[in-house]
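Reading the structure
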Amino acid sequence: MIIRLGKEPDITLIFDRGNNSAESIQLLKGEDGGLNIHYVGGLKQTQCPELYAVPKADYQTLPEEEFRGTSAYRRDIHALGQEVTAVITNNPELVRGQLRGILRNRQKCVQELKELQENLEQWERGEKKKGRKPTRESVEKKISRILSKEYMDRLIIIEWEDEGRKKKFGLM
């Protein structure tokens, strides 16, 4: 980029949680032949647990009308091998929307799991004979796919019952 422009670029790169790493930050910062680019990036909760521990009462309400109801907390932290300024926000309306999405996903997952359980029971009763007979491994793979949506593997617990050849699971 520097070669093409003939000078260091005066830009800021913005990226989400899935694209950050200590190596990426080193490259952007310009150290050891890097690009010297400003950046703003999202952090995962596991990368800054101390921010998530801050009580909401310590957050400051943002005054701008377009941020109505949103509060934020700003602090210098160590993340991705760097000292950075981090800002965590709280928007109750956004949280409500996220919860609605999570509940909708949970409902869909439970429905898919019930359909899978019914399919297994049809195999056991001999009502279904076409296709491959399900194995525990194939059923676990289907369950894993069903629970791959965010948080579902933590919200829905699968308990296995091995009764001879019968493979059953229960939702908890």
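Further up the page is the structure itself.
So, a few notes on the structure that sits alongside this text. Everything quoted here is computed from the prediction, not taken from an experiment. (Residues numbered from 1 in each chain as written. Predicted model: local features only at pLDDT ≥ 70, side-chain atom pairs only at ≥ 80, totals over all residues. Heavy atoms only, no water.)

**Remarks on the overall build of the chain**
Of the regular secondary structure elements, the chain holds 6 helices and 7 strands. Reading the chain from its N terminus to its C terminus gives the helix and strand order α-β-α-β-α-β-β-β-α-α-α-β-β. When each of the 172 residues of the chain is scored for burial, the buried share is 23%. Surface summary for the chain: the accessible area is close to 12,700 Å², and the carbon and sulfur share equals 50%. (Helix = DSSP H or I, 4+ residues; strand = E, 2+ residues; numbered from the N terminus. Buried < 20%, exposed > 50% of the residue type's maximum accessible area, 1.4 Å probe, protein only. Areas by Shrake-Rupley, 256 points an atom, 1.4 Å probe, with all protein chains shown as cover.)

**Regarding the sheet that holds strand E3 (residues 60-61)**
With antiparallel pairing, 3 strands are arranged side by side in an open sheet as E3-E4-E5. Lying at the two open borders of the sheet, with one neighbouring strand each, are E3 and strand E5 (82-90). By the bridge criterion, 2 bridges tie E3 to strand E4 (residues 71-79) in an arrangement that is antiparallel. Paired with Thr-61 across the two strands is Ser-71, which belongs to E4. (Pairing = 2+ DSSP bridges.)

**Re the pairing of E4**
The sheet contact formed by E4 and E5 spans 9 bridges and is antiparallel. Bridging across to E5, Ala-72 finds its partner in Thr-89.

**Digging into unusual backbone geometry**
Positive phi, close to 55 degrees, is recorded for Leu-80, a residue that is not glycine. The phi dihedral of Tyr-151 is positive, around 75 degrees, even though this residue is not glycine. With respect to the helices and strands, Tyr-151 occurs in the loop between helix H5 (136-146) and helix H6 (152-155). Judged by its relative accessible area of 33%, Tyr-151 is partly exposed.

Read these as spatial facts, not as claims about activity.
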